[in-house]
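An overview of the molecular structure
Listed here are the chains, written in short residue letters.
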Number of protein chains: 2
Amino acid sequence: MVLAEQQARRGARSKKIVLLVMDGLGGLPHPDTGRTELETARTPNMDALAGHASLGMMVMVAEGITPGSGPGHLSLFGYDPARYVIGRGALSALGVGLELKPGDVAVRLNLATFDDDGLVADRRAGRPVDAEAARVVELVQRELDVAADVTVTLVPEREHRVVLHLRGAALGGAALTDTDPLETGRPALAVKAVDDHSRATAEVVNEVLGQSRRILAREPAMNGFLARGFAAFERYPTMAERFGLEGVVLARYPMYRGVARMVGMTVPSVPESTEDTVTQLEHCWGESDLYFLHFKDTDTCGHDGDFDGKVAAIEEVDALISRITALGPGVLIITGDHSTPALYREHSWHHVPVLLASQWPRSTARAFGEASCRRGDLGLIHATSLLPLALAHAGRLVKYGA
Amino acid sequence: MVLAEQQARRGARSKKIVLLVMDGLGGLPHPDTGRTELETARTPNMDALAGHASLGMMVMVAEGITPGSGPGHLSLFGYDPARYVIGRGALSALGVGLELKPGDVAVRLNLATFDDDGLVADRRAGRPVDAEAARVVELVQRELDVAADVTVTLVPEREHRVVLHLRGAALGGAALTDTDPLETGRPALAVKAVDDHSRATAEVVNEVLGQSRRILAREPAMNGFLARGFAAFERYPTMAERFGLEGVVLARYPMYRGVARMVGMTVPSVPESTEDTVTQLEHCWGESDLYFLHFKDTDTCGHDGDFDGKVAAIEEVDALISRITALGPGVLIITGDHSTPALYREHSWHHVPVLLASQWPRSTARAFGEASCRRGDLGLIHATSLLPLALAHAGRLVKYGA
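As a starting point, this report considers the structure included with it. (Residues numbered from 1 in each chain as written. Chains lettered and ligands numbered in written order. Predicted model: local features only at pLDDT ≥ 70, side-chain atom pairs only at ≥ 80, totals over all residues. Heavy atoms only, no water.)

The geometry of helix α5 (residues 88-95) of chain A relative to helix α9 (residues 254-262) of chain A is characterised by a closest axis approach of 7 Å and an angle of 115 degrees between their N-to-C directions. Seen from α5(A), the contacting residues are Leu91(A), Leu94(A) and Gly95(A); seen from α9(A), they are Pro254(A), Met255(A), Gly258(A), Val259(A) and Met262(A). (Axes fitted to C-alpha atoms, helices over the stretch in contact; angles between N-to-C directions. Helix = DSSP H or I, 4+ residues; strand = E, 2+ residues; numbered from the N terminus. Contact = heavy atoms within 4.5 Å.)

Moving on, we come to the packing of aromatic side chains. Residues and elements named next belong to chain A. All chains considered together, the criterion is met by 13 aromatic pairs over all chains. Between the aromatic rings of Phe77 and Phe292, the centroid separation amounts to 5.0 Å while the plane-to-plane angle is 75 degrees, which identifies the pairing as edge-to-face. Remark: Phe292 occurs in strand β9 (residues 290-295) and Phe77 occurs in the loop between α4 (69-76) and α5; sequence separation between them is 215 residues. With respect to burial, Phe77 and Phe292 carry one shared label: buried. (Phe/Tyr/Trp six-rings, centres within 6.5 Å; stacked < 30°, edge-to-face > 60°. Buried < 20%, exposed > 50% of the residue type's maximum accessible area, 1.4 Å probe, protein only.)

Attention now goes to the relation of the copies chain A and chain B. Laying chain A over chain B is done by rotating through 122 degrees and shifting 0.3 Å along the axis; what remains is an RMSD of 0.2 Å. With respect to symmetry, the two chain copies, as superposed, fit the operation of a three-fold axis. Considering only C-alpha atoms, the residue of chain A closest to the rotation axis is Arg375(A), which sits at 4.0 Å. (Least-squares fit on C-alpha atoms with pLDDT ≥ 70 in both.)

Here the focus is the nonpolar core. Counting residues in each nonpolar core, the largest one holds 113 residues, and the members touching the most others are Phe77(A), Phe77(B) and Met239(B). Discounting chain neighbours no more than four positions away, the residues touching Phe77(B) are Leu19(B), Met239(B), Phe243(B), Val259(B), Ala260(B), Val263(B), Met265(B), Phe292(B) and Leu387(B). Among the nonpolar cores identified, the runner-up in size contains 36 residues, and Leu49(A), Ala50(A), Ala53(A) and Ile314(A) belong to it. (Core = buried A, V, L, I, M, F, W, Y, C linked by side-chain atoms within 4.5 Å.)

All names here are of chain B. Contact pair helix α6 (residues 130-143) / helix α7 (residues 199-215): the axes reach a minimum separation of 10 Å and the direction vectors enclose 115 degrees. When the interaxial angle is binned, α6 and α7 end up roughly perpendicular. With respect to the hand of their crossing, α6 and α7 are arranged in right-handed fashion. Between α6 and α7, the residues in contact are Leu139, Val140 and Glu143 and Gln211, Ser212 and Ile215, respectively. In terms of residue class, the contact of α6 with α7 is made up of 3 nonpolar, 2 polar and 1 charged. (Parallel < 35°, antiparallel > 145°, perpendicular 65-115°, else oblique. Left-handed = near helix turned anticlockwise from the far one by under 90°. Nonpolar A, V, L, I, M, F, W, Y, C, P; charged D, E, K, R; others polar.)

A separate point is the pattern of salt bridges. All names here are of chain A. Under the defined criterion, the tally for this structure stands at 35 salt bridges over all chains. When the shortest N-O distance is used, the salt bridge between Arg161 and Glu159 registers 3.6 Å. Connected through salt bridges with shared partners, the residues Arg123, Asp180 and Arg228 form a single ionic network. (Salt bridge = Lys/Arg side-chain N within 4 Å of Asp/Glu carboxyl O.)

Printed below as a string of structure tokens:
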């Protein structure tokens, strides 16, 4: 990666790169057919690209490691996820669309039920519906009275999940211990600072949690919070700084826009559907070097165990490919951020297929799928190698050494 | 690499290794046939070897990185090119056949045209023919009068390109800034030392450049130099020291002999042609452990976009293979130092095919080409792994651990 940064042509504005990510694309073979979701889908457009492209398989983080959405995407962007660690709190904050600045602290909270003795009776407060959770979160937000120089923001995520966001010069680090005792019948733990730098933050969080208990004292179920994951937001070097790339993200879900923004991409607009993602691409085409398109349905169907739904989601994207190639990108990459095999119903550690189409094809495969990618010319690469390859194919890396 | 050094049998003199490099061997498929240059060439001898050899593909430096000739060869010799960096000046000096010693400083110069106000009017002095450039370089060499304890040597390279070589105890490092302003209408910059250790060198170079302007004052076009790339020559640990290998190089072009000499290889003779390279191998056979043969025509044809010429150059080498195997090497490696696809007309980042024939074959392929190497038993390796593999096949590495 250091070499790719060093050899990147700064200010080169010739060939554009499209990075099309179908979330959780990688699959497992259906027991009846021996074919994965991608191999089952009828994808004439992607198959045609495979005939003059480069194909390969990717290790997203490390062998056997199942990536979350943050690490999977960071890897695709050329950021080693073992080095650039996004805390759970930060990812949740990005997921609800909060803007993070360096020094901000984000915490994942659970709404919980405490009994009269102050012991945890239900760590998820009976999994409230979103509207109910939103009501009590709003109540706490209104009544909270914390130090004047710290801004406290509470945002409901889904069911019992809530994000706490803190900003202010009085804060320190986020090396803090969780309060979740991990079993019922025990009291919540106090937040403790692991280093001196985080002491002020611990005090603020303990104050927020204590006041919340008092504000919610009359609630039957949702009468307090447990803290489960602290993160201080650190500024990452941007793709522009590292590789001379100005990027934009087109993604329906805030988490993916958030991860892209962390590496310096901008958000020209928010697509309303799969098809609208490509319409928005057509609208913003021409201003940037890198266009990151995110499609979520493949992952959702994978989690649901819906093999046919994932096949259909892939076919829906395939039907849009000709509108993308019509724009004339120098490099078009089609891949996933991890595998979510419908048979596995979760993110998995399996290698992810990748297709890279450019002016310099080396593959003459007849289809885009796990099997053809396994025999592909790129071989098995680490996902952080994808961006340097894209830069090379786009003519954006100068020769190394004479 | 450290393990290979540690496990190398010192003084073992049994099996010989031939490293046959066709420069820029890797290619891209011809759009009409889907076959690369190597796959198009009729290579009955290499194909026969592929039937009982090991095959694979190599990343020469890092994914997406296009290697220059220096880094590509260092990698083949087992020297990580990201760690062993050859400066442009040093490679140019090796390229014109200068002998470099530790502490020497080498600089790439351009002959340039300065106007009456001392501004750069042409950064390449109108691209003079070689004989004209040689005339003014000789003039400067004769008239220069620099500090007595520094030896200054100027050697014309090609057209406007000149190498300046400095030797002497009075010199320091070569952390120096270029003088090329990179555009016309501006004065040349003064050479500045980036560290204290390089100050004395900066003074000598500025003196050489200033005197050159005076000596060439009456020349209409070639009336000065611009400095473009400084390098202090550092001694590398030799292959003998690292792996117990005494090597020889047979290469028609000085740059390749130069890179080989940097890692301790010796030059028994200079071949006059492709065929003569093998004749010279027959002459010197028996004295050394490693025989590095370099064939240039594949790269030259690749740069020229001459697909058929590159095919013919590969076939010419193939016809010589039986004379090499007749010598009975323990290991015969056939590969390239990078790809120079005729369709791309430049060095490229594409993986490089490699064939390693020995007593211990694992492949039963029917041909030597990118496709068969991609399916090969070696898989996709970093090129610095090639030498340890060669040592293993030659019986020159002892078991690691009990």
